[in-house]
Amino acid sequence: MKRNTIKPAALADAMRLKVTARRVSNWLTGARSPNVYELHEMLKALPEVNARTLVADIAGRYQAKH
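Residues numbered from 1 in each chain as written. Predicted model: local features only at pLDDT ≥ 70, side-chain atom pairs only at ≥ 80, totals over all residues. Heavy atoms only, no water.

**Some remarks on helix H2 (residues 21-29)**
Logical step 1: All of the buried residues in H2 are Val24, Trp27 and Leu28. All buried residues of H2 fall inside an arc of 95° around its axis, so they share one side.
Logical step 2: Packed against the buried residues of H2 are helix H1 (8-14), helix H3 (36-45) and helix H4 (51-65).
Logical step 3: Downstream of H2 by one or two residues, Gly30 has phi in the positive range, about 95°. (Buried < 20%, exposed > 50% of the residue type's maximum accessible area, 1.4 Å probe, protein only. Helix = DSSP H or I, 4+ residues; strand = E, 2+ residues; numbered from the N terminus. Arc of directions from axis to C-beta. Contact = heavy atoms within 4.5 Å.)

**Thoughts on the nonpolar core**
Logical step 1: Core analysis: the largest hydrophobic core is formed by 14 residues, its most contacted members being Leu11, Met15, Val24, Met42, Leu46 and Leu54.
Logical step 2: Sorting the residues of this core by element identifies H1, H2, H3 and H4 as the ones contributing at least two each.
Logical step 3: Not counting chain neighbours up to four residues away, the residues in contact with Met15 comprise Val24, Trp27, Glu38, Glu41, Met42 and Ala45. (Core = buried A, V, L, I, M, F, W, Y, C linked by side-chain atoms within 4.5 Å.)

**Notes on the pattern of salt bridges**
Logical step 1: Counted by the stated rule, this structure contains three salt bridges.
Logical step 2: We note a salt bridge from Asp57 to Arg61, for which the minimum N-O separation is 3.1 Å. Highlighted residues: Asp57 and Arg61, both in helix H4, separated by four residues, approximately one helical turn. (Salt bridge = Lys/Arg side-chain N within 4 Å of Asp/Glu carboxyl O.)

**Examining the side chain of Glu41**
Logical step 1: As for its position among the elements, Glu41 is in helix H3.
Logical step 2: On the basis of relative accessible area, Glu41 is assigned to the buried category, the value being 10%.
Logical step 3: Glu41 has contacts with Met15, Arg16 and Leu17, leaving out every residue within four places of it along the chain.

**A closer look at the packing of H3 against H4**
Logical step 1: Following both chains from N to C, one finds H3 and H4 inclined at 135°, their axes separated by 11 Å at the closest point. Considering their axes alone, H3 and H4 lie oblique with respect to each other. The chirality of how H3 crosses H4 is right-handed. For the pair formed by H3 and H4, the contact residues are Leu39, Met42 and Leu43 on the first element and Ala51, Leu54, Val55 and Ile58 on the second.
Logical step 2: Classifying every residue of the contact of H3 with H4 by side-chain character gives seven nonpolar, no polar and no charged. (Axes fitted to C-alpha atoms, helices over the stretch in contact; angles between N-to-C directions. Parallel < 35°, antiparallel > 145°, perpendicular 65-115°, else oblique. Left-handed = near helix turned anticlockwise from the far one by under 90°. Nonpolar A, V, L, I, M, F, W, Y, C, P; charged D, E, K, R; others polar.)

**Section: the environment of Lys7**
Logical step 1: Secondary-structure assignment places Lys7 in the segment before H1.
Logical step 2: On the basis of relative accessibility, which here comes to 53%, the residue Lys7 falls in the exposed class.
Logical step 3: Residues Lys7 and Ala21 lie 14 residues apart in sequence; the distance between their C-alpha atoms is 8.5 Å.

This is the structure in structure tokens:
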């Protein structure tokens, strides 16, 4: 999955949780990791994305930075 195919601002708007585009961007770049509720909302907002791929990608980016 390419990170630049997901627009952080659009994803933040689509999520039911109140999150900023910067926080979503931090999740996608690996600077922060989303909690379970945030991840659940992210997956609901991105129905076309494979959940395993998204979780593995976020986890890999987070582990690479920490």
